[in-house]
Amino acid sequence: MTYPTDIRFGVRELDSAQGCLHLQTPDFDYDSFAGVALALVTVLGASVVEKEANADLHIWLIDFEGCRMMLKGEHYSSAMWLELLSRDDGHTLAFLAGWLEKLTQ
């Protein structure tokens, strides 16, 4: 799968205590979330396990090298973030934060 080369992702905040990585993404709405989210999943080298869409929140279960986490996107605010399912995987979230920051330098 390919993604547009002009899509860039970055880190807004890594909240290690909550197991949450808030991302900088292009603006998206309800209908364009999937394209932006798939681009992020591709950049991460992750895979989508399951998808759910609610009235204002998209929730995808993704797998990154055996670590499962939730990719969430709230379209009213164009906010996207990763949430750990297990606090034991905090090192993976920290790795992803560092890696995304290096990509944007």
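Up top is the structure.
Residues numbered from 1 in each chain as written. Predicted model: local features only at pLDDT ≥ 70, side-chain atom pairs only at ≥ 80, totals over all residues. Heavy atoms only, no water.

Undergrad: Just checking my understanding: could you explain the packing of aromatic side chains for this structure?
TA: For any pair of aromatic rings, geometry is given as the distance between the ring centres together with the angle between the planes. One pass over the structure, following the stated rule, counts three aromatic pairs. Look at phenylalanine 64 and phenylalanine 95: their rings are 6.3 Å apart centre to centre, the planes differ by 25°, and that puts the pair in the stacked class. Remark: phenylalanine 95 occurs in helix 2 (residues 90–103) and phenylalanine 64 occurs in strand 4 (residues 57–64); sequence separation between them is 31 residues. A residue is classified by how much of its surface remains accessible, and phenylalanine 64, at 6% relative accessible area, is buried. Phenylalanine 95 sits in the partly exposed class, given a relative accessible area of 46%. The rings of Phe28, Phe33 and Trp60 are connected pair by pair, giving a single aromatic cluster. Its end group placed over the ring of tryptophan 60, lysine 51 keeps NZ or CZ at 4.6 Å from the ring centre. (Phe/Tyr/Trp six-rings, centres within 6.5 Å; stacked < 30°, edge-to-face > 60°. Helix = DSSP H or I, 4+ residues; strand = E, 2+ residues; numbered from the N terminus. Buried < 20%, exposed > 50% of the residue type's maximum accessible area, 1.4 Å probe, protein only. Lys NZ or Arg CZ within 6 Å of the ring centre and 35° of its normal.)

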